[in-house]
Amino acid sequence: MTGEALVRLEGVSKVYDTPAGRRTAVDDVSLEVQAGEILGVIGYSGAGKSTLVRLVNALELPTSGRVFIGAQELTALSERDRRGVRQGIGMIFQQFNLFRSRTVAGNVAYPLRVAGLGKAERDARTAELLDFVGLLDRAHSYPEQLSGGQKQRVGIARALATNPRLLLADEATSALDPETTADVLALLKRVNRDLGVTIIVITHEMDAIRAIADRVAVMDGGRIVESGPVYDVFAKPTTPAAARFVRSVLQDRPSPETLERLRQSHPGRIATVQVAEIPGFIGVVTSAFAEHGVTADLIFGGISELQQRPVGALTYELAGDDAAIDAALDGLSARGIDWNEER
Amino acid sequence: MDFFLSNIDVFVTAIGQTLYMVVISILIAGILGLALGIGLYVTRPGNLLGNRVTFTVLNVVVNIVRPIPFVIFIAAVSPLTSAVVGTTIGPNAATFALSLAAAFAVSRIVEQSLVGIEPGVIEAARAVGAGPIRIIFTVLIPEGLGPLILGYTFIFVGIVDMSAQAGLIGGGGLGDFAVTYGSQRYNWPVVYITVATIIVLVQLGQFGGNALARRALRR
């Protein structure tokens, strides 16, 4: 990628001194986020995602490495100048972090006050933002009078108040129920598409990635272990850490415990087939087995859709003689279908 | 009772002196204590202006001053009182000692009120580019207002109590009146009336504080 990146991290590490010793939250991460894209950063909790996103708006400063927003090196600025940069970066949070002492309108107007806008301008912009998130009628409510989804919409309106180019979403839907999550994700998608705001989405939820991310980076142990277009990373993870995470969110392959249980009722050979983008995929697999006289019994699996493309895996118990099963599996390989035998 | 009625003007003056000491003290201690309490809160390592040295100094000073019994504190600060007020007796001297002692108590109350604020809310303010001073005035104080008002109400009661002790240095007020016109003359009705007056004063303060806190907390 070229120098047009809106966000650029160069060899960034963040080490904390804790009573239990030094803890590396972010370990030598280099990353670029292009203007206009939605980048998903995924990983288990404790992988360093939240720290990483706080390095982007300098809420945390890296122990080493450099952070750029556009051409500006955040790590070279004074704290006062960094505050100015933060005014141009919105942020939303898992727990919403609304000011309880302020009304909905007061929350949204807060960044405008910080930016030094006059009352008339603040009022006009606040009304515009509340209209955008569909909460104009709740302007004079207090946060505790709102539902979780409404709170997050206020959070989004507040984050967008100063017309930022970049929005950071730290587990923004993790405290919401599935339906509300979908609403908030749709709103974020609209923010990206209609307002052209670049978004970094930190999440451990598949839904958030599936719904909006263009590109995804997988974090594990403070490092970005894999990144690329969402479909590629989920359909064909290349690193064990990424594969482990992808499996755990897709739930398409049996866990060792599940496999153990399956074996008790299915004593035959068991193979897992990776779903591929082949027309009539299931028919192709079934006939590949049938050709060799192998009976394939579907015992586990999951197929979901990512960016209008199928992703997932199917686990079969195979009945027939060993040579026939081997021939059938080779037949799958010949058709470009990945599989592995569960042992 | 006749004795009390014949001294009613002294009693009314005593109420005035108590109110004077309490109101002035709570204003001064309120402001000093707020500053000190905010200082304690923001300098705690990991907080807004985390600074281990400053925090430790503030913390130790508050811990040293706060447990000193007020009657001893009055004597201990008398050189300072003399330097600032010009005398060590009378309502103004008492108010000075009172304000100082209460400020340290207020500082802990303020710190505790602020601890209850969600760190995420402060982070949200930082994320939109707000600086520390702005965060103190536009986030910390408004977000902690309910507990702060309850804390100040608590301190108000403590100051009424301390103001009675301040009578010992000629501070005047209801405590002084109860002792010199009441208990020292074995005139118990005077003591009862004075104590009842103090109780009414405390009740009024507590009711007022609770009402304000309810408004701030919207409950």
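Residues numbered from 1 in each chain as written. Chains lettered and ligands numbered in written order. Predicted model: local features only at pLDDT ≥ 70, side-chain atom pairs only at ≥ 80, totals over all residues. Heavy atoms only, no water.

Draft legend 1. A look at the overall build of chain B. In terms of helices and strands, chain B carries eleven helices and zero strands. In chain B, the order of α-helices and β-strands from amino to carboxyl end is α-α-α-α-α-α-α-α-α-α-α. The principal-axis extents of the C-alpha atoms in chain B amount to approximately 70 × 45 × 25 Å. Counting only residues that meet the buried cut, chain B has 46% of its 219 residues in that class. Taking the intrachain contacts of chain B between residues at least 6 apart in sequence as the baseline, contacts between residues at least 24 apart amount to 73%. By element, 69% of the accessible surface of chain B is carried by carbon and sulfur atoms, the whole surface being about 10600 Å². Looking at charge distribution, chain B has the averaged site of its 11 positive side-chain charges lying 12 Å from that of its 8 negative ones. (Helix = DSSP H or I, 4+ residues; strand = E, 2+ residues; numbered from the N terminus. Buried < 20%, exposed > 50% of the residue type's maximum accessible area, 1.4 Å probe, protein only. Contact = heavy atoms within 4.5 Å. Areas by Shrake-Rupley, 256 points an atom, 1.4 Å probe, with all protein chains shown as cover. Lys, Arg positive; Asp, Glu negative; His and termini not counted. Charge placed at Lys NZ, Arg CZ, Asp CG, Glu CD.)

Draft legend 2. Quick peek at the environment of Gly90(A). Residue and element names in this part refer to chain A. Turning to its location among the elements, glycine 90 is positioned in strand S6 (residues 89–93). On the accessibility criterion, glycine 90 (3% relative accessible area) is buried. The spacing of glycine 90 and glycine 155 is 65 residues in sequence and 9.5 Å in space, taken between C-alpha atoms. Once residues lying within four places of it in the same chain are set aside, the contact partners of glycine 90 are Ala159, Pro164, Leu166, Leu167 and Leu168.

Draft legend 3. A look at the interface of chain B and chain A. Taken together, the contact pairs 19 residues of chain B with 23 residues of chain A. Between chain B and chain A the total buried area reaches about 1900 Å² when both faces are included, carbon and sulfur atoms providing 49% of it. Its largest share of buried area at the contact with chain A, chain B owes to Arg126(B), Val128(B) and Arg218(B), together 32% of the area lost on that side. Where chain B meets chain A, there are two salt bridges. Salt-bridge contacts for Arg54(A) lead to Glu123(B); the nearest nitrogen and oxygen are separated by 2.5 Å. At the boundary of chain B with chain A, the tally comes to nine residue pairs in polar contact (both at pLDDT 80 or more). Of all elements in the fold, only helix H7 (119–127) and helix H8 (132–143) of chain B reach the threshold of two or more residues within the side of chain B that touches chain A. For the side of chain B that touches chain A, the element with the most residues is H7(B), which contributes seven residues. (Buried area = accessible area lost by both parts, 1.4 Å probe. Salt bridge = Lys/Arg side-chain N within 4 Å of Asp/Glu carboxyl O. Polar contact = N/O pair within 3.5 Å; in protein donor to acceptor, adjacent residues only side chain to side chain.)

Draft legend 4. Seen up close, the sheet that holds strand S12 (residues 295–306) of chain A. Residue and element names in this part refer to chain A. Reading across the sheet, the four strands line up as S12-S13-S11-S14 and stay open at both edges, with antiparallel pairing between neighbours. Every other strand in the sheet has two partners, leaving S12 and strand S14 (339–342) as the edge strands with one partner each. On average, adjacent strands in this sheet sit at an angle of 15° to one another, irrespective of strand direction. The sheet contact formed by S12 and strand S13 (residues 309–319) spans eleven bridges and is antiparallel. Across the sheet, the residue bridging to threonine 295 is alanine 319, located in S13. Most of the contacts of helix H10 (residues 256–265) go to S12, to which it runs at about 150°, and overall it touches strand S11 (269–274), S12 and S14. (Pairing = 2+ DSSP bridges. Axes fitted to C-alpha atoms, helices over the stretch in contact; angles between N-to-C directions.)

Draft legend 5. Quick look at the packing of aromatic side chains. Residues and elements named next belong to chain B. The tally for this structure, following the rule as stated, stands at five aromatic pairs over all chains. Here phenylalanine 11 and phenylalanine 177 contribute two aromatic rings whose centre-to-centre distance is 5.4 Å and whose plane-to-plane angle is 55°, an arrangement assigned as tilted. Separated by 166 residues along the polypeptide, phenylalanine 11 in helix H2 (residues 8–43) and phenylalanine 177 in helix H10 (residues 173–182) bring together distant segments of the chain. For phenylalanine 11, a relative accessible area of 8% puts it in the buried group. Judged by relative accessible area, which is 3%, phenylalanine 177 ranks as buried. (Phe/Tyr/Trp six-rings, centres within 6.5 Å; stacked < 30°, edge-to-face > 60°.)

Draft legend 6. The environment of Phe11(B), seen in detail. For the pair formed by Phe11(B) and Leu174(B), sequence separation is 163 residues and the distance between their alpha carbons is 7.4 Å. In contact with Phe11(B), other than residues within four places in its own chain, are Phe4(B), Leu174(B), Phe177(B), Ile193(B), Thr194(B) and Thr197(B).

Draft legend 7. Representation of the pairing of strand S1 (residues 5–18) of chain A within the structure. Residue and element names in this part refer to chain A. Here ten bridges tie S1 to strand S2 (residues 21–34), and the two strands are oriented antiparallel to one another. Following the sheet pairing, threonine 18 is matched in S2 by glycine 21. Sheet topology places S1 next to strand S4 (residues 64–69); five bridges connect them, and they run antiparallel. Among the inter-strand pairings, glutamate 10 is bridged to a residue of S4, identified as arginine 66.

Draft legend 8. Structural context of the nonpolar core. In terms of nonpolar packing, the biggest core is built from 51 residues, with Tyr110(A), Phe70(B), Val139(B) and Leu140(B) touching the most fellow members. Contributing elements (two or more residues each) for this core: helix H3 (104–114) of chain A together with H2, helix H3 (52–65), helix H4 (70–76), helix H6 (91–115), H7, H8 and helix H9 (145–166) of chain B. At 13 residues, H6(B) tops the list of elements feeding residues into this core. If we skip the residues at most four places from it in the chain, Phe70(B) touches Ala97(B), Leu98(B), Ala101(B), Met162(B), Gln165(B) and Ala166(B). Leu135(A), Ala139(A), Ala161(A) and Leu176(A) belong to the second largest nonpolar core, which has 35 residues in total. (Core = buried A, V, L, I, M, F, W, Y, C linked by side-chain atoms within 4.5 Å.)

Draft legend 9. Just the packing of H3(B) against H6(B), in detail. Residue and element names in this part refer to chain B. Contact geometry of H3 with H6 gives a least axis separation of 9 Å together with a crossing angle of 125°. When the axes of H3 and H6 are compared, the pair comes out oblique. Relative to H6, the crossing made by H3 is left-handed. Along its contact with H3, which presents Phe55, Asn59, Val61, Val62, Asn63 and Val65, the element H6 presents Phe104, Ser107, Arg108 and Glu111. In the contact of H3 with H6, the residues fall into five nonpolar, three polar and two charged. (Parallel < 35°, antiparallel > 145°, perpendicular 65-115°, else oblique. Left-handed = near helix turned anticlockwise from the far one by under 90°. Nonpolar A, V, L, I, M, F, W, Y, C, P; charged D, E, K, R; others polar.)

Draft legend 10. Expanded view of the side chain of Thr18(B). Relative to the helices and strands, Thr18(B) is located in helix H2. If sequence neighbours within four positions are ignored, Thr18(B) has contacts with Ser163(B), Gly173(B), Leu174(B) and Leu201(B).

Draft legend 11. Highlighting the pairing of strand S3 (residues 38–42) of chain A. Residues and elements named next belong to chain A. In terms of burial, S3 is a largely internal element, five of the five residues being buried. What you see with S3 is no split at all: Ile38, Gly40 and Ile42 on one side and Leu39 and Val41 on the other are buried throughout. Pairing between S3 and strand S9 (residues 215–220): four bridges, direction parallel. Opposite valine 41, over in S9, you have alanine 217 as the bridge partner.

Draft legend 12. Quick look at the pattern of salt bridges. Residues and elements named next belong to chain A. Counted by the stated rule, this structure contains 25 salt bridges over all chains. Among the ionic pairs, lysine 14 bridges to glutamate 60, the shortest N-O distance being 3.7 Å. Of this pair, lysine 14 sits in strand S1 while glutamate 60 sits in the loop between helix H1 (49–56) and S4; the two residues are 46 residues apart in sequence, bridging distant segments of the chain. Judged by its relative accessible area of 12%, lysine 14 is buried. Salt-bridge contacts for glutamate 37 lead to arginine 215; the nearest nitrogen and oxygen are separated by 2.9 Å.

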